[in-house]
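Spelled out, the chains give:
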Amino acid sequence: MTYQSETGTQFSKEFTLQESIPQNGVERVLELLDSGRLHRYNTLEGEASEVSLLEQDFSEYTGARYCVGMASCGSALYVALQSVGIKQGELILCNAFTLAPVPGAIENAGAKPIFVEINEDYVTDLEDLEFKARESGAKYFLLSHMRGHIVDMDQVVDICTRLNITLIEDCAHTMGARWNGKFTGTFGQVGCFSTQTYKHINSGEGGLFITNNEDVAAKAILYSGSYMLYESHLRKPDMEVFEKYKKNIPNFSLRMSNLVAALIRAQLPVLEERCQRWNERYRIIEQELRKDENIRVPNRRDKEEYVGSSFQFTIKSTNVEAVKRFIRTCDARGIKIKWFGNLEPKGFTSRYESWHYIHAQDSLNSTNVILDYLCDIRIPLTFTLEDCIEVTTIIREVSQEVFN
Ligand SMILES: *Cc1c(COP(=O)(O)O)cnc(C)c1O
């Protein structure tokens, strides 16, 4: 059904349009194409491949000892679970507000998620985390910094240390973000990042895996599909570490290509500047939507140095029909809102109820209510600051029209 709003301006920019690849990235890709050396292990004697160089760059950027290029963040998550030693049927705590690749990675690894409630600021409810950890005895926590909302990492580390829980971070939306000056992805055993088109660096597809643990790093390199050519990696453990595992670890062939690495390497130097531009846009939208009495804007934590590459807000009205009308009217005026309240997965899926392959979960009453009224918009850097004002003006006009 299409719904035409009678009045008002139309926003005409695309919410899915990213910036172009920097020129030096385009040139490097052309050089690689010219050389034909696109596979990470197709190197000349003594030459470091583009993927190895990227692993070095990203290690230096994050301060992590080891880095492994992967085909995607979802594959990095899967390899992370394998590399920290989870077994068939293992229980893994996971915040319920996440994206389908996260339960997908858990399923792929033969493990079982235990979803943890989120609070009204869209981050893990730490009391529920501790409660479910004790109740279930789960020894792993896959923390998804979903849509860039970073929970109190001091408390997470404290809980994990006290209960002997291995932490893995899904940083698909937090590349460049920090908690109290420390990069997300460096608080637990493994951090996984995405360079898929809608994340902070765009290489179409791609994932980065970081760890400080030499055993985990060696296993991840072997799982990624190193054809026993791991000696050419620049950010790898000593060769003896591989000896322990090389005959026991299957090759999952989840490598990154040199073309992808070239695209990422060209964008890494501009990441910090991009993050600032995202936050300028985020803060404008935040300030404008705060003025709307029908909308709740989440509070962010003092130590959270987030990257606002998308914006989430909660509709205060509990009239679901009105919420649907709000989304449709915004859509008709060019504002593309994702609504997490939709029980039928459409365009994306972030509700655990629609993941039927997962074993039955206790009902997550708080999370359900939060998702029912949760709205989400992308903030592409192709939007100017004026565009952000225009977006919020339309949202506020529609909110007035529908809820007042
Ligand atoms: C995008 C995303 C992923 C997966 O990244 P891919 O590179 O597409 O596999 C995982 N978790 C979250 C929260 C994401 O948004």
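Residues numbered from 1 in each chain as written. Predicted model: local features only at pLDDT ≥ 70, side-chain atom pairs only at ≥ 80, totals over all residues. Heavy atoms only, no water.

If you walk across this open sheet you meet the 3 strands as E7-E6-E11, and the pairing is antiparallel. Strands with a single pairing partner mark the edges of an open sheet, and in this sheet they are strand E7 (182-183) and strand E11 (304-305). Bridge count between strand E6 (residues 178-179) and E11: 2 bridges; the pairing is antiparallel. Bridge pairing in E11 places arginine 178 opposite glutamate 305. (Pairing = 2+ DSSP bridges. Helix = DSSP H or I, 4+ residues; strand = E, 2+ residues; numbered from the N terminus.)

Let us now look at the confidence of the model for the protein. Mean pLDDT over the protein stands at 95; residues scoring 70 or higher make up 97%. Of the regions scoring below 50 in pLDDT, residues 1-5 engages in 10 contacts with residues more than four places distant in sequence or in other chains. (pLDDT = per-residue confidence, 0-100. Contact = heavy atoms within 4.5 Å.)

Around the ligand, the structure places 15 residues, and the nearest of them are Cys73, Gly74, Asp170, Ser194 and Lys199. With respect to the ligand, the backbone of cysteine 73 contributes an N or O atom lying 2.9 Å from an oxygen atom. Between an oxygen atom of the ligand and a side-chain N or O atom of glutamine 196, the distance comes to 3.1 Å. At the level of secondary structure, the elements contributing two or more residues to the shell around the ligand comprise helix H3 (73-83) and helix H4 (101-108). (Near = heavy atom within 4 Å. Polar contact = N/O pair within 3.5 Å; in protein donor to acceptor, adjacent residues only side chain to side chain.)

For the coordinates displayed, the defined rule picks out 18 aromatic pairs. Residues phenylalanine 58 and tyrosine 61 carry aromatic rings whose centres are separated by 6.1 Å and whose planes lie at 35° to one another, so their mutual orientation is tilted. Of this pair, phenylalanine 58 and tyrosine 61 both sit in helix H2 (residues 50-62), 3 residues apart, roughly one helical turn. Given a relative accessible area of 0%, phenylalanine 58 falls into the buried group. For tyrosine 61, a relative accessible area of 19% corresponds to the buried category. A centroid spacing of 5.1 Å and a plane angle of 25° characterise the contact between tyrosine 78 and phenylalanine 252, whose relative ring orientation is stacked. (Phe/Tyr/Trp six-rings, centres within 6.5 Å; stacked < 30°, edge-to-face > 60°. Buried < 20%, exposed > 50% of the residue type's maximum accessible area, 1.4 Å probe, protein only.)

Bringing unusual backbone geometry into the picture now. Backbone geometry places asparagine 164, a non-glycine residue, at a positive phi of 60°. You can see asparagine 164 is positioned in the loop between helix H6 (153-162) and strand E5 (166-170). Take asparagine 164: its relative accessible area is 59%, and that puts it in the exposed class. In the Ramachandran plot, methionine 228 falls in the positive-phi region, its phi being about 60° despite a non-glycine side chain.

A contiguous nonpolar patch, built from Val26, Leu30 and Leu33 and spanning about 250 Å² of accessible area, is present on the exposed surface. Checked against the element boundaries, valine 26 lands in helix H1 (residues 23-35). Residue classification places valine 26 among the partly exposed residues on the basis of a relative accessible area of 31%. (Patch = residues over 30% accessible without salt bridge, like charges linked within 9 Å, V, L, I, M, F, W, Y side chains within 5 Å. Areas by Shrake-Rupley, 256 points an atom, 1.4 Å probe, with all protein chains shown as cover. Salt bridge = Lys/Arg side-chain N within 4 Å of Asp/Glu carboxyl O.)

Before going further, it helps to spend a moment on the packing of helix H5 (residues 126-136) against H6. Two elements in contact, H5 and H6, have axes whose closest approach is 11 Å; the angle formed by their N-to-C orientations is 10°. By the angle class used here, H5 and H6 are roughly parallel. Contact residues: Leu126, Leu129, Glu130 and Arg134 in H5; Gln155, Val156, Ile159 and Arg162 in H6. Broken down by class, the residue content of the contact of H5 with H6 amounts to 4 nonpolar, 1 polar and 3 charged. (Axes fitted to C-alpha atoms, helices over the stretch in contact; angles between N-to-C directions. Parallel < 35°, antiparallel > 145°, perpendicular 65-115°, else oblique. Nonpolar A, V, L, I, M, F, W, Y, C, P; charged D, E, K, R; others polar.)

Before going further, it helps to examine the sheet that holds strand E10 (residues 295-296). Pairing is antiparallel in the open sheet, where 4 strands are placed in the order E10-E12-E14-E13. If you trace the sheet from one side to the other, it starts and ends with E10 and strand E13 (338-339), each paired once. Set on the sheet, helix H10 (residues 271-290) makes contact with E10, strand E12 (310-315) and strand E14 (374-378); between it and E12 the angle comes to about 15°.

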